[in-house]
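Coordinate inspection notes
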Amino acid sequence: MRRFIVPAATASLLGLILLASMTDALNLYWQSVLMFMGINIILSTSLNLVNGNMGEFSCGHAGFMAVGAYVSSVLAVALFAPGGFMGGPYLPGYLTVFIFPLLLLAGGLAAAVTGLLVALPSFKTRGDYLAIITIAASYIIKSTIENVGAVGGARGFMGMAKITTAMTDVWDIPWMLLWVFAAVIFTLVVIRRYVSSTFGKGVDAVRQDEIAAEIMSVDTDRIKLVTFMLSSGLAGIAGGLFAFVLGYINPGSFTIIKSTEAMVMVYLGGMGSISGATLSAIVFTLLMEVLRPLQVGKWVIIPMMLILLMQFRPEGFFGHRELTDIVPGLRRLLGREGDGK
Amino acid sequence: MALLEVVNLTRDFGGLRAVCEFETTFDGRELMGLIGPNGAGKTTVFNVVSGFYAPSAGQVRFQGKNTAGLKPHKVTALGIARTFQNIRLWFDLSVIDNIRVSQYYHLEYGLWDCFLRTERYKRREAAIEHNAQEILEALNLAEFAQELPKNLPYGLQRRVEIARALSVKPKLLMLDEPAAGLSSADVDDLIKLIGWIHKEFDLAIWMIEHQMDVVMKLCPRIQVIDFGRTIADGTPAQIQANPDVIKAYLGDDAI
Amino acid sequence: MESLIQNILNALQWGSFYSLIALGYCLVYGVLSLINFAHGDIFMAGAYFAFFGATFLLGKMGIIPPGMPGWVVLALTIPISMVLTSALGVTLERVAYRPLRRKGAHKLYVVITALMCGLVLENGNLALLGASRKNFPTLVPQVVYSLGGVSVTNLKVAVILVAVLSFLFLHYVVGKTKIGMAMQAISYDRFAVPLMGIPTDTVIVFTFVLGSSFAALAGVLFAMSYPVLDPFMGALIGWKAFIAAVVGGIGSIRGAFAGGFLLGFVEIMVVAFFPSTFRDLIAFSILLLILSLKPTGLFGVARRTKI
């Protein structure tokens, strides 16, 4: 019975959100806030794998997001949109409902491969160098996109709205909300399963003492690579969702500012904590909305908050612990007694 | 076939020759000591044999296989485990997780199994858990399974580190100054522990140590190195009487 | 041939900017093992301080009467900017980095703090001064020298000269003075240094003063060469200078200069052969390539960790 608590709660939450959206109890503005919240959760938890669990300092998450965004969008528009981009459409509109998750996964895969290319040079280097490599990679990706006229270059790319419309033609529900929700659940499940397995615990071991890990039979290079690819792949999925929620993307959306947003969420929530990263993504999204009237001031207040955080509570909301560590009753409820940390 | 053959091992760091033509052989179940003054090159020998450094000259063969160029985790998978002078446990992972992670070389499941929680994954995780529990019980550490090593007293931490090394099922266990930092009561426990491990498990033990009573009590054979070179090799009695050894440790001023 | 020399001169000019900024990263990293991500914005602050200093001295703010000759304004603006920028750098150190150092906080937290300080500087500027860009006044008339088909302005010559002199000055300070040697000592072992009677905090403050001053100098020169200032001008240049410092070998002054000039050359040469939109792309790629071949940088010294 216990095993069904979490899935049941999740399904009810989804049902509630969809119902509220369709009956306009939740208006379009709040729907978009929820969608950005979901995207931020994916960004935050995926970056947490590298910056939190693995203890590295990756500053280029936006680059992987960009790869995912562009790959899914270009594929989608090429396949489904009328209007001659690469001579389309090739597939009928109703297939969007089934193909869309595949498009997202394609974006994620492309981002994961990019992650592989970025991580490889970092193996011979130590510590701070990953920061440099990821920053440079992020610029390279942005610059490359700007130079490819076929996808709009610096002017941006659009057409994703046609795919979202095609989905509502099949069944009139808020599809993007559904997809974002599904992706968030997918991300959380994947990350949790990774981190709680012995395979994933190796990541924590590498963070705490890489030399000991190496001597205790952990293939440190391989584990760093796998973790990095998982992290960047999930960021790519977030990017794809971002593209379709907005309906328009340009390289300017994927700058160091975006990477910084992701980092703020990770460090706010506590490194290595999935619940922490999730909570901080939620708080951060709401904070951005609340501070919106301040415009630029927003980006003075948020860094100052983080500076204060570093001074007084650098471990963030949860430190290295999860919600189940702080609220023991939750652990019993979910039947996770023996899940050693 | 010998278990470990170190032939003519030399290791340079720039202009410094840390180890010079070092040789040793393990046939199977010896308990051998490696001693020498500070800076003699003992840990460097260990670092080469465990794969952190490549030899500048000479060879290291484990069960006939040349280990040059192998990364440390591969050398461990062949059957060599080691501990460190400073305890290198993962202090924020529970004791049992420390043991679990050391099973990496034979996880025998892939990422897909991990994500989908397949039968194979569940089986292997259960086996790893079982192995970890067994080792902890064998070394009287079962009650600390869920503890974080940083909360344990130093002597227990050392025991956990040895347990972790044993969980790799090594044929050769290399202990780098296991008695370092231990109180005299803990040292006695350590001597008993190492003796017991040597009897119970099918392995050879190679030990670097500074505390003479530990080495002399445990090791039937001791090698002494100084400035990277072997200066003596024999039983404890022979070593203690050897003038070169005395000179290395105490200097040769007439007292 | 002429265009080659022209390009070389441009490369030297840009290299000078990058070097002077890379310098600051290098000094702070050498002493604190900290990537001071706010440094690019310190450069920006230097340019803005210079702007306000110059407009003030030129009488444009209505506080003092106009009439001061351009030369004098320049001669005063440079030290004004250097002093104010150093004050900014030292304030950052005292308020944000030192408390964390005292607590023995993980280096990562300091790096994050640095990154956030940079953002505060950029966006604070934007919030305070608005989005309109500032135009740096012309202080010294441009003189163009023509040597057989190659034209070079006095400004360009000045920039390159300043960079070279700065290198020599710093080389002397870090290598031959007591405080310079103290800086080197701290980079090897921060904990032993105070035990030897050296005031670590003073040396660290001195390091920040040096680094910020040279960034300010770069800011003034840059503002004179490209007179349009905006709050984010430090961001991209800062990142690039930082990567250049790493490629040159962070922790070594020679490395910072080598890296800075290397980047200048790569950029100019790329633009000579490829469309200018490819500049950043190729420059970063080349830098990454060098880093993967020689991870410690061109002049860097590998530090061994004892196992």
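Keep in mind that what you see is a predicted model, and the values were worked out from it rather than measured.

Things to note about the overall build of chain A
A tally of helices and strands in chain A yields 15 helices and two strands. For chain A, the C-alpha radius of gyration of 20 Å lies close to 20 Å, the compact-globule estimate for 341 residues. Each of the three principal axes of chain A carries a C-alpha extent, and together these read 60 × 50 × 45 Å. A total of 341 residues make up chain A; the buried ones form 59% of that total. Across chain A, every contact between residues at least 6 apart in sequence was considered, and the portion connecting residues at least 24 apart equals 78%. Total accessible area computed for chain A in this model is approximately 13300 Å², and 69% of it derives from carbon and sulfur atoms. Taking the average location of the 22 positive side-chain charges in chain A and that of its 19 negative ones, the two points are 2 Å from each other.

A word on the pairing of strand 7 (residues 172-176) of chain B
Residues and elements named next belong to chain B. Along strand 7, five of the five residues are buried, which leaves the element largely enclosed by surrounding structure. By the bridge criterion, three bridges tie strand 6 (residues 80-82) to strand 7 in an arrangement that is parallel. If you follow arginine 82 over to strand 7, its bridge partner there is methionine 174. Sheet topology places strand 7 next to strand 8 (residues 204-208); five bridges connect them, and they run parallel. When the bridges of strand 8 are listed, methionine 174 appears paired with tryptophan 206. Taken together, strand 7, helix 7 (residues 184-200) and strand 8 constitute a β-α-β crossover, and its handedness is right-handed.

Topic: the confidence of the model for chain A
Residues and elements named next belong to chain A. Predicted confidence across chain A gives a mean pLDDT of 86, with 93% of residues reaching 70 or more. Ranking the elements of chain A by mean pLDDT puts helix 15 (residues 328-333) last, at 68, and helix 10 (residues 220-246) first, at 94. Of the regions scoring below 50 in pLDDT, residues 337-341 engages in 13 contacts with residues more than four places distant in sequence or in other chains.

What about the packing of helix 5 (residues 154-176) of chain C against helix 8 (residues 200-225) of chain C?
All names here are of chain C. Taken N-terminus to C-terminus, the directions of helix 5 and helix 8 make an angle of 170°; their axes are 10 Å apart at the nearest point. One element, helix 5, and the other, helix 8, form an angle in the roughly antiparallel class. In this structure, helix 5 uses Leu155, Val159, Val162, Ser166, Phe169, Leu170 and Val173 to contact helix 8, whose residues at the interface are Phe206, Leu210, Phe214, Leu217, Leu221, Met224 and Ser225. The class makeup of the residues in the contact of helix 5 with helix 8 is 12 nonpolar, two polar and no charged.

Some points on the interface of chain A and chain B
Of the residues lining the interface, 29 residues belong to chain A; the matching set on chain B comes to 35 residues. When the two sides are added together, the surface that chain A and chain B hide from each other amounts to roughly 3000 Å², 62% of it contributed by carbon and sulfur. In terms of surface lost to chain B, no three residues of chain A exceed A:Thr198, A:Ile215 and A:Met216, which account for 25% of the buried area on that side. There are three salt bridges connecting chain A and chain B. Here A:Lys201 and B:Asp97 are joined by a salt bridge, their closest N and O atoms 3.5 Å apart. Between chain A and chain B we count 16 residue pairs in polar contact (both at pLDDT 80 or more) in total. Of all the secondary structure elements, the ones that give two or more residues to the side of chain A that touches chain B are helix 7 (175-196), helix 8 (198-208), helix 9 (210-215) and helix 10 of chain A. Here the residues of the side of chain A that touches chain B sort into 13 nonpolar, seven polar and nine charged.

Focus: the sheet that holds strand 5 (residues 65-66) of chain B
The pairing of strands in a sheet happens through backbone hydrogen bonds and is either parallel or antiparallel. Residue and element names in this part refer to chain B. If you trace the four strands from one edge of the open sheet to the other, you get 2-1-4-5, paired in antiparallel fashion. On the outer flanks of this sheet lie strand 2 (16-26) and strand 5, each paired with one strand and no other. Here strand 1 (residues 4-13) pairs with strand 4 (residues 57-62) via five bridges, running antiparallel. In the sheet register, valine 7 faces strand 4, and the bridge partner there is glutamine 59. The strands that helix 1 (residues 42-49) touches are strand 1, strand 2 and strand 4; relative to strand 1, the one it contacts most, it runs at about 115°.

Here's the deal with the sheet that holds strand 3 (residues 31-35) of chain B
Residue and element names in this part refer to chain B. Taking strand neighbours across the sheet as the criterion, the six strands line up as 6-7-8-3-9-10 in an open arrangement whose pairing is mixed. Strands at the two margins of the open sheet, each flanked by one partner only, are strand 6 and strand 10 (229-234). Going from strand to strand, the sheet's axes swing by 20° on average, the running direction of each strand aside. Along the sheet, helix 1 contacts strand 3, strand 6, strand 7, strand 8 and strand 9 (221-226); its crossing angle with strand 8, the most-contacted strand, is approximately 140°. Sitting on the sheet, helix 6 (residues 154-166) touches strand 6 and strand 7, and the angle it makes with strand 7 is about 155°.

Focus: the packing of aromatic side chains
Considering all chains together, one arrives at 36 aromatic pairs over all chains under this definition. Ring geometry for A:Phe242 versus A:Phe254: centroids 5.7 Å apart, planes at 65°, classification edge-to-face. Within this pair, whereas A:Phe242 is found in helix 10, its partner A:Phe254 is found in the loop between strand 2 (248-249) and helix 11 (256-269), the two being separated by 12 residues in sequence. Exposure class is identical for A:Phe242 and A:Phe254. Each is buried. Considering the side-chain rings of C:Phe222 and C:Tyr226, the 5.2 Å spacing of their centres and the 45° angle between planes classify their relative orientation as tilted. Residue class for C:Phe222 comes out buried when judged on its relative accessible area of 8%. Using a relative accessible area of 31% as the deciding quantity, one classes C:Tyr226 as partly exposed. Geometry around B:Phe84 places B:Arg88 over its ring, the cationic atom sitting 5.2 Å from the centre. For the cation-ring pair, B:Arg164 lies above B:Trp90, with the distance from its terminal atom to the ring centre recorded as 4.5 Å.

Side note on the interface of chain C and chain A
Listed per partner, the contact involves 42 residues of chain C and 35 residues of chain A. Regarding the contact of chain C and chain A, the summed buried area is about 3500 Å², with carbon and sulfur atoms giving 77% of it. Between chain C and chain A we count zero salt bridges in total. Linking chain C with chain A are three residue pairs in polar contact (both at pLDDT 80 or more), by the criterion used here.

Remarks on helix 11 (residues 279-293) of chain C
Compared with an ideal rise of 1.5 Å per residue, which puts 15 residues at 21 Å, helix 11 of chain C spans 21 Å between its outermost C-alpha atoms and is within 8% of the ideal. When we look at burial in helix 11 of chain C, the residues that qualify are C:Asp280, C:Leu281, C:Ile282, C:Ala283, C:Phe284, C:Leu287, C:Leu288, C:Leu291 and C:Ser292. The elements touched by buried residues of helix 11 of chain C are helix 5 (129-147) of chain A together with helix 9 (233-249) and helix 10 (253-273) of chain C.

Focus: the packing of helix 3 (residues 61-80) of chain A against helix 10 of chain A
All names here are of chain A. Running from N to C, helix 3 and helix 10 cross one another at 55°; their axes reach a closest spacing of 6 Å. With respect to helix 10, the element helix 3 is oriented oblique. Our pair here, helix 3 against helix 10, has a crossing hand that is right-handed. Contacts between helix 3 and helix 10 involve His61, Phe64, Met65, Gly68, Ala69, Ser72, Ser73 and Ala76 from the former and Phe228, Ser231, Ser232, Ala235, Gly236, Ala238, Gly239, Gly240, Phe242, Ala243 and Phe244 from the latter. Looking at the contact of helix 3 with helix 10 residue by residue, the classes come out as 10 nonpolar, nine polar and no charged.

Calculation rules
Residues numbered from 1 in each chain as written. Chains lettered and ligands numbered in written order. Predicted model: local features only at pLDDT ≥ 70, side-chain atom pairs only at ≥ 80, totals over all residues. Heavy atoms only, no water. Helix = DSSP H or I, 4+ residues; strand = E, 2+ residues; numbered from the N terminus. Rg over C-alpha atoms; globule rule 2.2 N^0.38 Å. Buried < 20%, exposed > 50% of the residue type's maximum accessible area, 1.4 Å probe, protein only. Contact = heavy atoms within 4.5 Å. Areas by Shrake-Rupley, 256 points an atom, 1.4 Å probe, with all protein chains shown as cover. Lys, Arg positive; Asp, Glu negative; His and termini not counted. Charge placed at Lys NZ, Arg CZ, Asp CG, Glu CD. Pairing = 2+ DSSP bridges. Right-handed = clockwise from strand over helix to strand, strands pointing away. pLDDT = per-residue confidence, 0-100. Axes fitted to C-alpha atoms, helices over the stretch in contact; angles between N-to-C directions. Parallel < 35°, antiparallel > 145°, perpendicular 65-115°, else oblique. Nonpolar A, V, L, I, M, F, W, Y, C, P; charged D, E, K, R; others polar. Buried area = accessible area lost by both parts, 1.4 Å probe. Salt bridge = Lys/Arg side-chain N within 4 Å of Asp/Glu carboxyl O. Polar contact = N/O pair within 3.5 Å; in protein donor to acceptor, adjacent residues only side chain to side chain. Phe/Tyr/Trp six-rings, centres within 6.5 Å; stacked < 30°, edge-to-face > 60°. Lys NZ or Arg CZ within 6 Å of the ring centre and 35° of its normal. Expected span 1.5 Å × (residues − 1). Left-handed = near helix turned anticlockwise from the far one by under 90°.

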